[in-house]
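# Fold and geometry: a report
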Amino acid sequence: MKSKGCSVADGSGRRRRAGTGAVGSVLVGAVVVAVLAGPWAERLSGLAALGAWRTLLVAIVVQGVPFLLLGTVVSAAIGAFVPARAFSKILPRNPVLAVPVAGAAGVVLPGCECASVPVAGSLMRRGVAPAAALTFLLAAPAVNPVVLVSTVIAFPGKPEMAAARFGASLVTSVVMGWLWIRWGREEWLRLPVRHAQQHAPGAGRLEAFRRGLQHDFLQAGGFLVIGAMAAATFNVLVPPSVLEAFSGSPWLGVLVAAALAVLLSVCSEADAFVAASFTGFSPTARLAFMVVGPMVDMKLIALQSGAFGRAFAVRFCAATFVVAILCCALVGGVLL
């Protein structure tokens, strides 16, 4: 039986590594094709729009990859070297007080949204209040220094965009934690099962770091390329008149940008560059894209469903989407 179990685990691990490699191939292949075959395809087709699409795609990917790499390095280091029990020691026992502390912890303990779900589950297994763990889940990929620096660079001369992103994201995270305390129900949340994990000293943790970095970077990089392709296509194909219709209705533009954030699923370390390319949208709408994306997107909905149950993911993601839009409207109205 033991041998069979090991075989199943090994097969599962190979499938996961194969999937990670496939996503990495998307990243490398898309960039290589865009750079090398783009000019030839443009001459063959005679479409000037293809050159514009290629330029936008390469620009978004090249700008976003350094921050994506830095963010996944930090995330992998936290997962490999920082024990989950360290979080429970610094959080107040009162859940109402623990929620803002957990939100602030996202500033100094960054991670990408892909890593935030297992970290939140680990915190719950260590006895951290679900409200605090969920607040950290939302805040960590949204308010960390890597994300804020990338936002400043993506919007040169507009530091208010980074300030608005920080404020709206932090307020959304804290409000969702408090809402869970008030209206959350235990039957909605399927607490993660404790798994026996043992790290050998030295090499074991380094190996965990390497695997975590490889998985997070290649997976998130694939989503970055897909998001960049969608953003470039959007900018080339959508007529300016359509964007003018959105800009004429502030709420419609915010809702459309938030929906794009859910569908494109761009990693938080790079989504500012995609948002900056949406020049037809209002500043508040682009803020909504950057705030909603790290908290509610397709990959996060799937991850939360697998970790905490579908009943939880449907309710929590829907509520987060609404709260994030309201916070963006409030903060954007003040700062932007």
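As the structure is a computational prediction, the values presented were derived from the model and not from experiment. (Residues numbered from 1 in each chain as written. Predicted model: local features only at pLDDT ≥ 70, side-chain atom pairs only at ≥ 80, totals over all residues. Heavy atoms only, no water.)

## Comments concerning the overall build of the protein
Assigned secondary structure in the protein consists of 15 helices and zero strands. Across the 336 residues of the protein, 46% fall into the buried class. Taking the contacts inside the protein whose residues are at least 6 apart along the sequence as the reference set, 82% of them involve residues at least 24 apart. About 15,800 Å² of surface is accessible on the protein, with carbon and sulfur atoms providing 69% of the total. (Helix = DSSP H or I, 4+ residues; strand = E, 2+ residues; numbered from the N terminus. Buried < 20%, exposed > 50% of the residue type's maximum accessible area, 1.4 Å probe, protein only. Contact = heavy atoms within 4.5 Å. Areas by Shrake-Rupley, 256 points an atom, 1.4 Å probe, with all protein chains shown as cover.)

## As for a nonpolar patch on the surface
Taken together, the side chains of Leu330, Val334, Leu335 and Leu336 define a hydrophobic patch exposed on the protein surface, amounting to about 380 Å² of accessible area. When its relative accessible area of 42% is taken as the criterion, Leu335 is described as partly exposed. (Patch = residues over 30% accessible without salt bridge, like charges linked within 9 Å, V, L, I, M, F, W, Y side chains within 5 Å. Salt bridge = Lys/Arg side-chain N within 4 Å of Asp/Glu carboxyl O.)

## Some points on the environment of Val323
You can see Val323 is positioned in helix H15 (residues 310-335). Sequence separation between Val323 and Ala168 is 155 residues, and the spatial gap between their C-alpha atoms is 9.7 Å. Non-local contacts of Val323, meaning those with residues more than four positions away in its chain, are made with Thr172, Val175, Met176 and Leu179.

## Side note on the pattern of salt bridges
Under the defined criterion, the tally for this structure stands at three salt bridges. Notably, a salt bridge pairs Arg165 with Asp271, separated by 2.9 Å at the nearest N-O pair. Placement of Arg165 in helix H8 (residues 159-183) and of Asp271 in helix H12 (residues 271-277) is noted, with a sequence separation of 106 residues between them. Per residue, the accessibility class of Arg165 equals that of Asp271, and both read buried. Of the charged contacts, one joins Glu207 and Arg210 as a salt bridge, the two residues approaching to 2.7 Å between their closest N and O atoms. In this pair, Glu207 and Arg210 are both assigned in helix H9 (residues 203-237), three residues apart and thus about one turn of the helix distant. With a relative accessible area of 41%, Arg210 lands in the partly exposed category. One network of salt bridges, in which partners are shared, links Glu207, Arg210 and Arg211.

## Focus on the packing of H8 against helix H13 (residues 283-292)
Running from N to C, H8 and H13 point in directions that differ by 50 degrees, and their axes come no closer than 10 Å. As summarised for this structure, H8 and H13 are arranged oblique, according to the angle between their axes. Two packed elements cross with a definite hand, and for H8 against H13 that hand is right-handed. Of H13, the residues touching H8 (which contributes Met161, Ala164, Arg165, Ala168, Ser169 and Thr172) are Pro283, Leu287, Met290 and Val291. Considered class by class, the residues forming the contact of H8 with H13 number seven nonpolar, two polar and one charged. (Axes fitted to C-alpha atoms, helices over the stretch in contact; angles between N-to-C directions. Parallel < 35°, antiparallel > 145°, perpendicular 65-115°, else oblique. Left-handed = near helix turned anticlockwise from the far one by under 90°. Nonpolar A, V, L, I, M, F, W, Y, C, P; charged D, E, K, R; others polar.)

## Section: the side chain of Thr151
Along the polypeptide, Thr151 turns up in helix H7 (residues 145-154). Every residue in contact with Thr151, bar those within four places of it in the chain, is listed here: Met161, Ala162, Arg165, Ala272 and Met290.

## Notes on the confidence of the model for the protein
Caution is warranted with low-pLDDT regions, since their predicted coordinates should not be read in detail. Residues with a pLDDT of 70 or more make up 72% of the protein, whose mean pLDDT is 77. By mean pLDDT, helix H1 (residues 2-45) is the weakest element of the protein at 51, and H8 is the strongest at 95. Contacts from residues 194-202, a stretch scored under 50 in pLDDT, to residues over four places away or in other chains number six contacts. (pLDDT = per-residue confidence, 0-100.)

## Describing H13
Among the 10 residues that make up H13, nine are buried, leaving the element largely enclosed by the rest of the structure. Contacts from the buried residues of H13 go to H7, H8, helix H11 (250-264), H12 and H15.

## Here's the deal with the side chain of Asp271
You can call Asp271 buried: its relative accessible area is 1%. For Asp271, the side chain forms a polar contact with the side chain of Arg165, separated by 2.9 Å. Ignoring any residue separated from it by four or fewer positions in sequence, one finds Asp271 in contact with Arg165, Val266, Phe289, Met290 and Pro294. (Polar contact = N/O pair within 3.5 Å; in protein donor to acceptor, adjacent residues only side chain to side chain.)

## Structural notes on the packing of helix H4 (residues 95-108) against helix H6 (residues 130-143)
Axis separation between H4 and H6 bottoms out at 7 Å; the angle between their running directions is 25 degrees. Judged on the interaxial angle alone, H6 and H4 are roughly parallel. The crossing of H4 and H6 is right-handed. For the pair H4 and H6, contact is made by Ala98, Val99, Ala102, Gly103, Ala105, Gly106 and Val107 and by Ala131, Ala132, Thr135, Phe136, Ala139, Ala140 and Val143, respectively.

## Let's talk about H15
Relative to the 38 Å expected for 26 residues at 1.5 Å per residue, H15 spans 36 Å between its end C-alpha atoms, a close match to the ideal helical length. Regarding H15, the residues found buried are Phe312, Ala313, Phe316, Cys317, Thr320, Val323, Ala324, Ile325, Cys327, Cys328, Val331 and Gly332. (Expected span 1.5 Å × (residues − 1).)

## Here's the deal with the environment of Phe166
On the secondary structure map, Phe166 appears in helix H8. Expressed as a C-alpha distance, the spacing of Phe166 and Val143, which sit 23 residues apart in the sequence, is 5.4 Å. The contact partners of Phe166, leaving out residues within four places of it in the chain, are Val107, Val143 and Leu148.

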